[in-house]
Structures are given as structure tokens and as C-alpha cells.
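# Examining the three-dimensional arrangement
Here is how the chains run, residue by residue.
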Amino acid sequence: MRYCARCGSEYQDSVVDCTDCPNHPPLVSAEEMRERGLPLPHELDQRRFVRAGIADDPVTAQIFADVLEEHRIPLIVRPGRSGVVDELTTGNLLPWWELLVPDTDQVRAARLLEEEKIQGRAYADEAGRAAEEEELEDERARQAPVDTAPPAL
Ligand SMILES: [Zn+2]
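These notes cover the structure that comes with them.

Parameters at a glance
Per-chain numbering applies: the sequence of each chain, read as written, is numbered from 1 onward. For this predicted model, a pLDDT threshold of at least 70 governs which residues receive local features, and a threshold of 80 or more governs which side-chain atom pairs are given and counted, while totals over whole chains, interfaces and linings are taken from all residues. Remark: hydrogens and water are excluded; side-chain values derive from all non-hydrogen atoms of the structure. Counted as donors are the N, O and S atoms within 2.8 Å of the metal, or 3.2 Å for Na, K and Ca, while water is not among the atoms, so some sites may look incomplete. In these descriptions, tetrahedral denotes four donors with every angle between 85 and 135 degrees, square planar four donors and octahedral six donors with opposite donors over 155 degrees apart and the rest between 65 and 115, and irregular any other case. Segments assigned H or I by DSSP are reported as helices when at least four residues long, segments assigned E as strands when at least two residues long, and all are numbered from the N terminus. Burial here depends on accessible area, computed with a 1.4 Å probe over protein chains only, as a share of the maximum for the residue type. Under 20% is buried, over 50% is exposed, and the range in between is partly exposed. Two strands qualify as a pair provided that DSSP identifies no fewer than 2 bridges between them.

Before going further, it helps to examine the coordination of the zinc ion. Each angle at a metal carrying four tetrahedral donors should ideally be 109.5 degrees, and each at a metal carrying six octahedral donors should ideally be 90 or 180 degrees. Cys4 (SG), Cys7 (SG), Cys18 (SG) and Cys21 (SG) make up the full set of protein donors to the zinc ion, lying at 2.2 to 2.3 Å. Given 4 donor atoms and angles of 105 to 115° at the metal, the environment of the zinc ion is assigned as tetrahedral. Sequence spacing of the donor residues for the zinc ion, all on one chain, is C-x2-C-x10-C-x2-C. Of this pair, Cys7 sits in the loop between β1 (2-3) and β2 (10-11) while Cys18 is found in the loop between β2 and α1 (30-35), placing the two residues 11 residues apart along the sequence. In this structure Cys7 comes out as partly exposed when scored by relative accessible area, which is 38%. Given a relative accessible area of 0%, Cys18 falls into the buried group.

Of all 6 residues in strand β5 (residues 97-102), 6 are buried; the element is thus mostly enclosed. In terms of strand pairing, strand β4 (residues 76-79) meets β5 through 4 bridges, oriented antiparallel. The residue of β5 that forms the bridge with Val77 is Leu99.

See below:
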């Protein structure tokens, strides 16, 4: 038997590509499915998905998803407010997205997301500081003709 690593379909040995999936990915052997940690169709999917991190907005969620995909970690992104109730009735005004990964990948995934988060924050800080400095410069320029005292910190 041959298997599609994307959708998990089972095919006769004579079949080469998955006919169900877009771009028709090549089929793999049962051994390769196992090596990749993918369940065969007759096996129960025993992977348990646990939270690796959260994102406050869809852009961040997408960045995190890209990072995990790059490291080939399976991912489920669950919008925190997926449901039939809206923010007015739930009172939950802070949207966040939950990123779920197999428990076997959780430690690795959480570390990757943390690294990404720290980097992202560094960029944001830099941008914020640059804006502040610019503002300070403007302030000084405006005060320069009359104010000779050193600028207050
Ligand atoms: Zn397929």
C-alpha cells in the first residue's frame, strides 16, 4: 500500500500520486509515514494537540504558523473567539489565537514561538524608540531659540 502524507489516503501500490490533494503529491510507503509521525488510515490518530502559544492578532498568528511550518511542526490554529457569540455578549474584548501542536512537539514549538516573540518585541521596541527620539528632537528644535537649559530627562 502507498499513502498520501498530506491527506492520509491509502492507495494501491500501482498508484504514484494522490488524486485527492491539490498538486497531486507523490505517495509514500507505510515506513515513511511512520518516520514522519503520521498515522496510517487504519490507525487511530493518537497525537494529542496541546497549546504551544497564543497570538493577540491574526497577523501574529500567521507569523507563528509560518515559523512552525518552517520547522515542520503540525499545527492547529484556533481563533479564541470562534463561536456563535460576539464580543458584546461574551465581554471578551481581547482577541487571541491559540496555537496547538502535538504534545511531542510542544517544547520545541513553544521555544520557537518564544524566540519569535522576543525578536518581534525587539523590532517593536526599536520602532517605538525611534519615534520617541524623533518626537524629542522636534521638541528640542521648537524650544531651542528660547530655552537654553539642558533638556529635562
Ligand atoms: Zn492526498
